[in-house]
Amino acid sequence: MAYSDKVIDHYNNPRNVGSFDKKDPSVGTGLVGAPECGDVMKLQVKINPDTNVIEDAKFKTFGCGSAIASSSLATEWLKGRSVDQALEIKNTEIVKELNLPPVKIHCSVLAEDAIKAAIHDYQKKQGTENKPEEAMANA
Amino acid sequence: MEQTLERGRCPNCGAVASSHFCSDCKRIQPVRSNVDYFEFLELPRLLAIDEAALEKTFYSLSRALHPDYFMGASDEERQASLARSSILNDAYRTLRDPIRRVQYLLKLEGYKEAEKRAPADLLEEVFELNMQIEELKNAKKAGDEQEAQEARESLEEALTGLKQRLAGIDDTIFSLFSQWDAAIAAENGSGKTVLDDISELLSNRSYIRSLIREIEEEF
């Protein structure tokens, strides 16, 4: 299967590979995986608690070229976005940007899941997580 | 359990046919949509199956459906024989292997593999071991034999543990087979929880199998 030029570019020159200290309260960590292919993706965001803006993002993915490219692209998109804007990133935008073929769509889903997991982890640390079940109980 | 039988009218005599052959005129039947491998091999949708009996069914159907017997038959019948023989092989390959059998059953029951979430500690472990595999790759690339040897030793230990866990997961899955069969016999709807458990175990099993494969490739 042929990869698009953008996938190859991210694969050969992945952006923002690395990690932050996951105990840092301003860091949110998302670790997700795909059982079918054994891929694992770790994505971290560093958020300014005063502005709620993502100041930096890093990732490390073990998987195919599309999974690496999806998470690399995600970290590029995350920097400078607010938490709310970050949660709006859809896997379909990643598919479009990278020209992913149908068999590789799950890689973009994984990246979207990783973004959400990282942000939820940050919110949990900050105690600002929306807990629908509690809100329901208090209503 | 209600099964959706592969039903239709026999193109030859018009009788209602729900098997490989018409019960009235005995002609081979064309393949109709939604082939269910269990049904195709004349099995109920159970998991702890008699593998010797399955093999016998396979051989007897192989003979009955074999294209050699339909050389002089009509185009439709020759087509039907070819199509049924090919499905028969796929069905047998799928159902004789217990893991593939249960994966197939989950698919029939509407489970999707991608929907499951692995436990966080398993993902951490998979990630960690992938880091170690990468270290080994890098050490080999750099020609650092001592570093590579250290990485190899640590991965070797991990590999032994992973293999044991894989065997343990398989045993647990197989022990759930009879629970599913009992739930179907009891018709109390408790089969769903059994399948949920199996589905989760299979997902964990996939990660462990991938790791084993990747580590072995580096040795």
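Here is a short report on the structure shown in this document. What you see is a predicted model, and the numbers here were worked out from it, not measured in a lab. (Residues numbered from 1 in each chain as written. Chains lettered and ligands numbered in written order. Predicted model: local features only at pLDDT ≥ 70, side-chain atom pairs only at ≥ 80, totals over all residues. Heavy atoms only, no water.)

Regarding a negative patch on the surface
Residue and element names in this part refer to chain B.
And step 1. On the surface, E128, E135, D144, E147, E150, E153 and E156 cluster together into a negatively charged patch.
And step 2. Breaking the negative patch down by element, the ones donating at least two residues are α5 (120-142) and α6 (145-186).
And step 3. Looking at the negative patch element by element, the count peaks at 4 residues for α6.
And step 4. Along the chain, the position of E150 falls in helix α6. (Patch = residues over 30% accessible without salt bridge, like charges linked within 9 Å, V, L, I, M, F, W, Y side chains within 5 Å. Areas by Shrake-Rupley, 256 points an atom, 1.4 Å probe, with all protein chains shown as cover. Salt bridge = Lys/Arg side-chain N within 4 Å of Asp/Glu carboxyl O. Lys, Arg positive; Asp, Glu negative; His and termini not counted. Charge placed at Lys NZ, Arg CZ, Asp CG, Glu CD. Helix = DSSP H or I, 4+ residues; strand = E, 2+ residues; numbered from the N terminus.)

Thoughts on the pattern of salt bridges
Residue and element names in this part refer to chain B.
And step 1. Tallying each qualifying case throughout the model produces 20 salt bridges over all chains.
And step 2. Notably, a salt bridge pairs R78 with D75, separated by 2.9 Å at the nearest N-O pair. Placement of both R78 and D75 in helix α3 (residues 75-96) is noted, with a separation of 3 residues, approximately one turn of the helix.
And step 3. Salt-bridge contacts for D90 lead to R93; the nearest nitrogen and oxygen are separated by 3.0 Å. Of the two residues, D90 and R93 both sit in helix α3, 3 residues apart, roughly one turn of that helix.
And step 4. Judged by its relative accessible area of 40%, R93 is partly exposed. (Buried < 20%, exposed > 50% of the residue type's maximum accessible area, 1.4 Å probe, protein only.)

A short note on the packing of helix α4 (residues 91-98) of chain A against helix α5 (residues 105-126) of chain A
Any two packed helices are characterised by the angle at which their axes cross and by the distance between the axes.
Residues and elements named next belong to chain A.
And step 1. Between α4 and α5, whose axes approach to 8 Å, the crossing angle comes to 130°. With respect to each other, α4 and α5 are oriented oblique. Considering how the two elements wind past one another, α4 and α5 form a crossing that is right-handed. Facing N91, I94 and V95 of α4, the residues of α5 in contact are I105, S108, V109, A111 and E112.
And step 2. Classifying every residue of the contact of α4 with α5 by side-chain character gives 5 nonpolar, 2 polar and 1 charged. (Axes fitted to C-alpha atoms, helices over the stretch in contact; angles between N-to-C directions. Parallel < 35°, antiparallel > 145°, perpendicular 65-115°, else oblique. Left-handed = near helix turned anticlockwise from the far one by under 90°. Contact = heavy atoms within 4.5 Å. Nonpolar A, V, L, I, M, F, W, Y, C, P; charged D, E, K, R; others polar.)

Honestly, that's just the spatial picture; any functional story needs more than this.
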